[in-house]
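Observations on the three-dimensional arrangement
What follows is each chain in one-letter form.
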Amino acid sequence: MPRAIPQQQLLDSINAGQLKTDLPVLDVGDTVNVHFRIVEGDKERVQVFQGTLISRSGRGLNEMMVVRRIVDEVGVERIFPVHSPMVARYEVIRRADARRAKLYYLRDRAGKSRRLRDRRRGMKHVAAPSA
Amino acid sequence: MGMTLLGRKVGMTRVYTEGGVLTPVTVIALGPCTVTQVKSAEKDGYAGVQVGFDDVKPRRSTIPVIGHDAKAGTTPKRFHREFRVEAGQESGYTLGQVLTVKELEGQKYVDVTGTSKGKGFAGVMKRWGFKGQYASHGTERKHRSPGSIGSLCSNRGFGGGLAKGKRMAGHLGDERVTIRSVDVVRIDADRNLLLVKGAVPGANNGMVMVRPAVRLNKSKQKKVAGKGE
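Right, let's walk through the structure included here. (Residues numbered from 1 in each chain as written. Chains lettered and ligands numbered in written order. Predicted model: local features only at pLDDT ≥ 70, side-chain atom pairs only at ≥ 80, totals over all residues. Heavy atoms only, no water.)

Thoughts on the overall build of chain A
Counting secondary structure elements, chain A contains 2 helices and 7 strands. When its helices and strands are written in sequence order, chain A yields α-β-β-β-β-β-β-β-α. Per-residue burial for chain A yields a buried fraction of 37% across its 131 residues. Relative to all contacts within chain A whose residues are 6 or more apart in sequence, the contacts with residues 24 or more apart total 53%. Of the roughly 8,300 Å² that chain A leaves accessible, carbon and sulfur atoms contribute 49%. (Helix = DSSP H or I, 4+ residues; strand = E, 2+ residues; numbered from the N terminus. Buried < 20%, exposed > 50% of the residue type's maximum accessible area, 1.4 Å probe, protein only. Contact = heavy atoms within 4.5 Å. Areas by Shrake-Rupley, 256 points an atom, 1.4 Å probe, with all protein chains shown as cover.)

Next comes the structure, spelled out in structure tokens:
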């Protein structure tokens, strides 16, 4: 049966409008501020969640990222849909050297070993979005 | 029965709706449909409207279909389906009238009918959700079998064999399925697209029929009433 409709193009065009185009380069290991909109009744305020980006998974609209921070010596992880309209903006505080794609090992670390090394390699790919 | 529109299932994706909720949706390329026949009680014994959807090359169609659609002043269509209307209501439709997804604007819920994906000859676990037998404890080659189907005189209260409709293995899928009262997420009138929440029967590119929801459950009735419809 011939394709009567360009299915994938239609789906992509629906998704395209929802993807964020102004995303900064967010690499695993970076310390980021996530400005998350919180709606209480008819009031809206922005909460900032600061932590280490330990995982990015999924592609396109389905991409999720996990941000981990330590509150009172208790690890807190929040999972954000990268393209969610509830996230007002992202801020990169610090870039760090991560040698793997998922930093789940940080969950088992405490004290000094929890630190990540600052990025020493060139910041070339930080300025321009990576290809 | 309300107006029925024909379309094709495009596929599934997700969209952010109000409040930043990521909602799974099925995209349906709905219409434009052409009214190819108007049936009235006097002439046909009942009132109904036949709509056609999806252009097909005349070479791939048949002379009777080409002639039938030419009466409505359109090119031959691939699909023709009919829906009933109240007697007298058929005068609201004219031959050759084009129905688009705009007709559904304002609807919060629709019913979607399609042909489910064929699964072939399926066992009772897949087809009816039976639990099967033990995985171990001496079970041999019977892990997915239905077990006892009852004796000859059971299931009916009297003899004469098993009750008809006893759930057994057999063909699954490839049948007409209607899911009712699915949420309309978005209507894109420019591109003739309808986005409904959740899954819809059938494979991508399959033909589906959409009509305004016939009957709503209580919570959905309240939602519709609350919006002053």
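We are not done yet, so read on.
Notes on the overall build of chain B
Across its full length, chain B carries 4 helices and 12 strands. The C-alpha atoms of chain B give 23 Å as radius of gyration, which overshoots the globular expectation for 229 residues (17 Å, by more than 25%). Dimensions of chain B along its principal axes, counting C-alpha atoms only, are 70 × 50 × 40 Å. Relative to its 229 residues, chain B shows a buried fraction of 38%. Long-range pairs, those at least 24 residues apart, make up 67% of the contacts in chain B with a sequence separation of at least 6. Entry remark: accessible area of chain B is about 13,300 Å², with carbon and sulfur atoms responsible for 50%. (Rg over C-alpha atoms; globule rule 2.2 N^0.38 Å.)

Some points on the interface of chain B and chain A
Between chain B and chain A, the contact holds 22 residues from the first and 20 residues from the second. Taking both partners together, chain B and chain A bury about 1,700 Å²; carbon and sulfur atoms supply 62% of that area. Summed over the three residues of chain B that lose the most area to chain A, namely Arg14(B), Tyr16(B) and Asn205(B), the buried surface amounts to 36% of that side. Inspection of the region where chain B meets chain A yields 0 salt bridges. The interface formed by chain B and chain A contains 6 residue pairs in polar contact (both at pLDDT 80 or more). Every element with two or more residues in the side of chain B that touches chain A is listed here: strand 1 (5-17), strand 2 (21-30), strand 5 (77-84) and strand 11 (193-197) of chain B. Among the elements that take part in the side of chain B that touches chain A, strand 1 of chain B stands out by supplying 9 residues, more than any other. Counted by class, the side of chain B that touches chain A contains 9 nonpolar, 6 polar and 7 charged residues. (Buried area = accessible area lost by both parts, 1.4 Å probe. Salt bridge = Lys/Arg side-chain N within 4 Å of Asp/Glu carboxyl O. Polar contact = N/O pair within 3.5 Å; in protein donor to acceptor, adjacent residues only side chain to side chain. Nonpolar A, V, L, I, M, F, W, Y, C, P; charged D, E, K, R; others polar.)

Structural notes on the pattern of salt bridges
All names here are of chain A. For the coordinates displayed, the defined rule picks out 16 salt bridges over all chains. Glu44 is paired through a salt bridge with Arg37; the nearest N and O atoms lie 3.4 Å apart. Accessibility expressed as a relative area gives 52% for Glu44, which makes it exposed. Residue Arg107 is joined to Glu77 by a salt bridge in which the shortest nitrogen-to-oxygen separation is 2.7 Å. Of this pair, Arg107 sits in the loop between strand 6 (96-97) and strand 7 (117-118) while Glu77 sits in strand 4 (residues 74-81), and the two are 30 residues apart along the sequence. Given the relative accessible area of 40%, Arg107 is considered partly exposed. Taking relative accessible area as the criterion, Glu77 reaches 28% and is therefore assigned partly exposed. Salt bridges linked by common partners bring Arg68, Glu77 and Arg107 together as one network.

Comments concerning the pairing of strand 2 of chain B
All names here are of chain B. Burial of strand 2 is extensive: 7 of the 10 residues sit out of reach of the surface. Taken together, the 10 bridges between strand 1 and strand 2 define a ladder with antiparallel strand orientation. Paired with Met12 across the strands is Thr26, a residue of strand 2. Hairpin connection between strand 1 and strand 2: a loop of 3 residues separates the two successive antiparallel strands, and Gly19 in this loop has a positive phi of roughly 80°. Bridging between strand 2 and strand 11 involves 5 bridges; their strand directions are antiparallel. Bridge assignment links Val27 to a residue of strand 11, and that residue is Leu195. (Pairing = 2+ DSSP bridges.)

Looking at helix 1 (residues 7-16) of chain A
Among all positions of helix 1 of chain A, only Gln7(A), Leu10(A), Leu11(A), Ile14(A) and Asn15(A) are buried. Buried positions in helix 1 of chain A, seen along its axis, are confined to an arc of 135° and lie on one side of it. (Arc of directions from axis to C-beta.)

A short note on the environment of Asp54(B)
Residues and elements named next belong to chain B. Examined against the element boundaries, Asp54 turns out to sit in strand 4 (residues 48-55). In this structure the C-alpha to C-alpha distance between Asp54 and Arg8, which are 46 residues apart in sequence, comes to 9.0 Å. Within the structure, the side chain of Asp54 is placed 2.8 Å from the side chain of Arg8, a separation counted as a polar contact.

Quick look at the nonpolar core
Core analysis: the largest hydrophobic core is formed by 29 residues, its most contacted members being Ile28(B) and Leu194(B). In terms of residue count, strand 12 (residues 207-212) of chain B provides more of this core than any other element does, 4 residues in total. Here Ile28(B) is in contact with Arg8(B), Val10(B), Val112(B), Asn192(B), Leu193(B), Leu194(B), Val196(B), Val200(B), Val208(B) and Val210(B), once residues within four sequence places are set aside. Counting residues in hydrophobic clusters, the runner-up holds 14 residues, among them Phe49(A), Leu53(A), Phe80(A) and Val82(A). (Core = buried A, V, L, I, M, F, W, Y, C linked by side-chain atoms within 4.5 Å.)

What to know about the side chain of Gln50(B)
Residue and element names in this part refer to chain B. Among the structural elements, Gln50 can be located in strand 4. You can call Gln50 buried: its relative accessible area is 12%. Polar side-chain contacts of Gln50 include one of 2.7 Å to the side chain of Thr36. The residues touching Gln50, leaving out its near neighbours within four places in the chain, are Thr34, Val35, Thr36, Gln37, His68, His80, Arg81 and Glu82.

Function-wise, these values are silent; they only describe arrangement.
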